[in-house]
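Here is how the chains run, residue by residue.
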Amino acid sequence: MDQSLSLQSVPSWFVVLPDHDAAAAPAAKALSFASRSLLHASGRPWIVGRWDPETAVTGAHRDVRVAVIGEHAVTPADAERAAASASGSPSASALDRLAGRAGSFHLLASCSGRIRIESGVVAVRRVFHAEAATPGRPVSVASDRADVLAELVDAGLDPRRVALEMLVSAVPHPWHGDPLWQGVHAVPAGHRLTLDAEGRARTTRWWSPPDPVVPLAAGAVHLREALAEAVAVRTRGRDLVSSDLGGLDSTAVCCTAARGGARVVAYTAAVHDEAGDDVYWARRTVRALGGVEHHVVSAGEVAMTFDGIDTLRDVLDTPSIITVDRNRRMGIVELAAARGSGLHLTGLGGDELLAGTPARLHTLLLTHPFVALHAIRGYAAKYRWSRGAVLRRLLDRRPYGAWLDRLARDLTGPAAPVDEPLLDWAVPPRMPPWATPDAVAAARELILTRRTPAGPRGRDRGEHRELAAMDGISQWVRHIGQMAAPLGIAVSAPYYDTRVVEAALAVRPQERITPWRYKPLIVEAMRGVVPEAGRTRSTKANATFEEEAGLRRNRRALLALCEDSRLVRLGLADGKVLHEWCRRGLTAETESYRLHPTVACEVWLRSREMTSLPVADREA
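The rules behind these values
- All residue numbers refer to position in the chain's written sequence, counted from 1.
- Residue-level local features of this predicted model are given only where pLDDT is at least 70; pairs of side-chain atoms are given and counted only at 80 or more, and the full residue set underlies all totals for whole chains, interfaces and linings.
- Hydrogens and waters are ignored; side-chain quantities use all the structure's heavy atoms.
- Two strands are counted as paired when DSSP detects at least two bridges linking them.
- Under the scheme used here, helices are H or I runs from DSSP no shorter than 4 residues and strands are E runs no shorter than 2 residues, and both carry numbers assigned from the N terminus.
- Working definition of a nonpolar core: buried Ala, Val, Leu, Ile, Met, Phe, Trp, Tyr and Cys residues. They are joined through side-chain atoms within 4.5 Å.
- Under the scheme applied here, a residue whose accessible area is under 20% of the maximum for its type counts as buried, over 50% as exposed, and between as partly exposed, the area being computed with a 1.4 Å probe on protein chains only.
- Residues are treated as being in contact if the distance between any of their heavy atoms lies within 4.5 Å.
- Under the pairing criterion, centres of Phe, Tyr and Trp rings, with the six-membered ring standing for Trp, must be within 6.5 Å; the plane angle then separates stacked pairs below 30 degrees from edge-to-face pairs above 60, leaving the rest tilted.
- A ring is considered to have a charge above it if a Lys NZ or an Arg CZ atom is located within 6 Å of its centre and within 35 degrees of its normal.
- Salt bridges, as used here, are contacts in which a Lys or Arg side-chain nitrogen is within 4 Å of a carboxyl oxygen on Asp or Glu.
- For helices, the fitted line uses only the C-alpha atoms of the stretch in contact; every axis is such a line through C-alpha atoms, and the angle between N-to-C directions lies from 0 to 180 degrees.
- By the definition used in this description, the sense in which the near helix is turned from the far one sets the handedness, with an anticlockwise turn below a right angle giving left-handed and a clockwise turn giving right-handed.
- Polar here means any residue outside two lists: the nonpolar Ala, Val, Leu, Ile, Met, Phe, Trp, Tyr, Cys and Pro, and the charged Asp, Glu, Lys and Arg; Gly therefore counts as polar.
- Regarding the arc, it is the one traced by the directions from the helix axis to the C-beta atoms.
- Confidence per residue, as judged by the predictor, is encoded in pLDDT with a range of 0 to 100.
- By definition in this entry, angles of less than 35 degrees are roughly parallel, angles greater than 145 are roughly antiparallel, angles of 65 to 115 are roughly perpendicular, and the rest are oblique.

(A) Representation of the sheet that holds strand β2 (residues 36-39). The strand order across the open sheet built from six strands is β2-β3-β1-β9-β8-β10, with neighbouring strands paired in antiparallel fashion. Both outer strands of the open sheet, β2 and β10 (185-186), are each paired with one neighbouring strand and no more. Of the strand pairs in this sheet, strand β1 (residues 13-16) and strand β3 (residues 45-50) are connected by four bridges, and their pairing is antiparallel. Bridge pairing links F14 to G49 in β3.

(B) Region of interest: the nonpolar core. With 141 residues, the main nonpolar core has M166, V184, L353, M431, Y495, I522 and V599 as its most contacted residues. If we ignore the near neighbours within four places in the chain, the residues touching M431 are A163, M166, L167, L411, A439, V440 and A443. Grouped together as the second largest cluster of nonpolar side chains are 17 residues, V57, V64, V68 and C111 included.

(C) Summary view of unusual backbone geometry. Of the consecutive residues H173 and P174, the connecting peptide bond is found in the cis state with omega at 10 degrees. Notably, F306 is not glycine yet its phi reads approximately 75 degrees, a positive angle. Within the secondary structure, F306 is located in the loop between β15 (293-297) and α10 (326-339). What makes F306 buried here is its relative accessible area of 0%. Look at K519: it is not a glycine, yet its phi comes out positive at around 45 degrees. Note on placement: K519 falls in the loop between α19 (509-512) and α20 (520-525).

(D) Main features of the packing of aromatic side chains. Throughout the structure, instances matching the rule amount to eight aromatic pairs. An angle of 70 degrees between the planes, with centres 5.4 Å apart, marks the rings of W181 and W604 as edge-to-face. Of the two residues, W181 is situated in the loop between α6 (159-165) and β10 and W604 in helix α26 (residues 595-607); the sequence distance between them amounts to 423 residues. For the pair formed by W181 and W604, the shared burial category is buried. Ring centres of Y379 and W385 lie 6.1 Å apart, and the angle between their planes is 20 degrees; this geometry places the pair in the stacked category. For Y379, a relative accessible area of 5% translates into the label buried. Grouped by ring-pair contacts, the aromatic residues Y379, Y383 and W385 constitute a single cluster. Sitting over the ring of W581, R584 keeps its end group 4.4 Å from the ring centre.

(E) Here's a closer look at the pattern of salt bridges. Tallied over the entire structure, the rule returns 52 salt bridges. Across the pair R200 and D196 runs a salt bridge whose closest N-O atoms are separated by 2.9 Å. Taking the relative accessible area as the measure of exposure, D196 reaches 24% and is therefore partly exposed. When the shortest N-O distance is used, the salt bridge between R459 and E463 registers 2.8 Å.

(F) Seen up close, the packing of helix α23 (residues 555-562) against α26. Their axes nearest at 11 Å, the elements α23 and α26 cross at an angle of 65 degrees. Considering only the axes of α23 and α26, their crossing is left-handed. Where α23 approaches α26, its residues L558, A560 and L561 are matched on the opposing element by V599, E602, V603 and R606. Residue composition of the contact of α23 with α26, by class: five nonpolar, no polar and two charged.

(G) Seen up close, the pairing of strand β5 (residues 64-72). Most of β5 is tucked away, with eight of its nine residues classed as buried. For strand β4 (residues 56-61) and β5, the ladder comprises six bridges, and the chain directions are antiparallel. Bridge pairing in β5 places A56 opposite I69. Taking the residues between adjacent antiparallel strands as the criterion, β4 and β5 are bridged by two residues, where R62 takes a positive phi near 55 degrees. As paired strands, β5 and strand β6 (residues 103-111) are joined by nine bridges and run antiparallel to one another.

(H) The arrangement of helix α15 (residues 400-409) in detail. For α15, the full list of buried residues reads Y400, W403, L404, L407 and A408. One side of α15 holds all its buried residues, which, seen down the axis, span an arc of 140 degrees. The inward-facing, buried residues of α15 contact α16 (437-449) and α17 (461-484).

(I) Main features of the confidence of the model for the protein. Confidence in the prediction for the protein averages 92 pLDDT; 97% of positions are at 70 or higher. The low-confidence segment residues 613-620 (pLDDT under 50) makes 16 contacts with residues lying over four places distant or belonging to another chain.

(J) Representation of the sheet that holds β5 in the model. Read from one edge of the open sheet, six strands run β4-β5-β6-β7-β11-β12, paired in antiparallel fashion. The open sheet has two edge strands, β4 and β12 (201-205), and neither has a second partner. Shown here is a sheet whose adjacent strand axes are inclined to one another by a mean of 15 degrees, direction ignored. The sheet contact formed by strand β11 (residues 191-195) and β12 spans five bridges and is antiparallel.

(K) Representation of helix α5 (residues 146-153) within the structure. In terms of burial, α5 is largely enclosed, as eight of its eight residues are buried. Residues A146, D147, V148, L149, A150, E151, L152 and V153 constitute the buried set of α5. Packed against the buried residues of α5 are α1 (5-9), β1, α2 (24-31), β8 (128-132) and β9 (139-143). Count one or two residues on from α5 and you reach D154, which has phi positive near 60 degrees.

(L) Region of interest: the packing of α23 against helix α25 (residues 575-583). Contact pair α23 / α25: the axes reach a minimum separation of 9 Å and the direction vectors enclose 175 degrees. Viewed along their axes, α23 and α25 adopt a mutual orientation that is roughly antiparallel. Contact residues: R555, L558, L559 and C562 in α23; L578, H579, C582 and R583 in α25. Here the residues of the contact of α23 with α25 are counted per class, giving five nonpolar, one polar and two charged.

What follows is the structure in structure tokens.
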């Protein structure tokens, strides 16, 4: 693998260094690739890397330094006040208040040799740390990208983690989104990283989800205000922004931006499915809104799943399921960038946050049994769940650790049926048919031996399932952002702001999650924002045709990935079995999706072998 690919070619990254002489070697290496740097009060390098100066705000007071990098409305005066308040303690409440501001950003503070780094409550902005081998003793360094950090400390690839990424139906918590390099660790969402004066790393939790006790009517008001603020933080001061305009979630974001005074260029992608009605509803919305420039991308112009799969050159820091749909999802972003947009708004995150999961009923049955049973009957009818399967899931009270133990044992078992009730900790992932015994053993070992952080993502099945899903989809947002960065456009998901997440999760689950209404929380929140012509829409487009047609059209490219497969080289995939699967006609619902994680891993491994590209416009 190229040991300086990301350091050289990634347009935006930063590394955080401890205030210690032992950090001189990694600091020198980072500085040789960087365009910007900030210093500790001691004069040693603190934050080194590349970032748009318009996204960064700094403040200083005596020996305290504060930096905010990302999408935010923090002013230099805000940062100065936080630095003054934090004098003597990097855990001061002023920094906590700053961390709770609207937007999506990294907050960093240096105080008397101690460093505090935190991001958001999901995985849009991440923090990674690793020990750098330096003369005398190792010190911990941190970064917002795992690949940059791995190159900085010369970390080697961990094939066991690659094996785990091959799991079908998502890598389980807490391994989802973990780095694939030895000795490189991710800070869990909702946690902060601290580096002490000796350069030792420690993670602590700073966020927990709110108790879901707010009535729907009050919660809708809170959500509308939080979403408006989240959108305003991103659009303020921009001449033009672009936005997806498809389903209800992206429509709410687009309309919020337009109502807030932003000049919006909206894009809607058509699908081949005759039941797909995004274009119909988008046109009605634009007519009612007025003042929004609207572009419809015809179905024939939209890329299919697997298009270009053998020629992708994105530099991502982990494999991404988005890879198989890369050209389809990035098509609109590329059009927006060509139109002159520097910011593209997306509705990603809305499904997990607003529709929620029926798994909430598992706990609701104990507190509101009649309400829960009524909803369970509705879901069973809607999704054709069998009564026996529903009963088994409701009676299953295994803790998350026991669920993981069973998952590890059953990694090669049959996949869960499509009509399995959505009432468990997660859909149990499985290794694909082409996984070698070594790959299965490696994945099983990791699941059975590692428990950091211990326990589930949430307090019960429903909360866990929602937060874990948010971690997964917010990772998609992060990867799309990494793909878009070379185009000079940021891709932003306002639903993943801390305040927006809290506003939604605080609503009573029996009102937010119901089989009788489609996303009632956002429907109520958007009164007066989304035109009535589309506010109560209850349909959602389906891209099954694009998946199955894409598989047929790109079969040769998929077979090309099987030739000299890097996964086969690592002993993780059986090349003959994988080749046979890629030759078959596969259905989207039950078969072809099994290829997605493996294709993502294969493309990612190949991308790490590219020759580094020089980065233009390095600044002193």
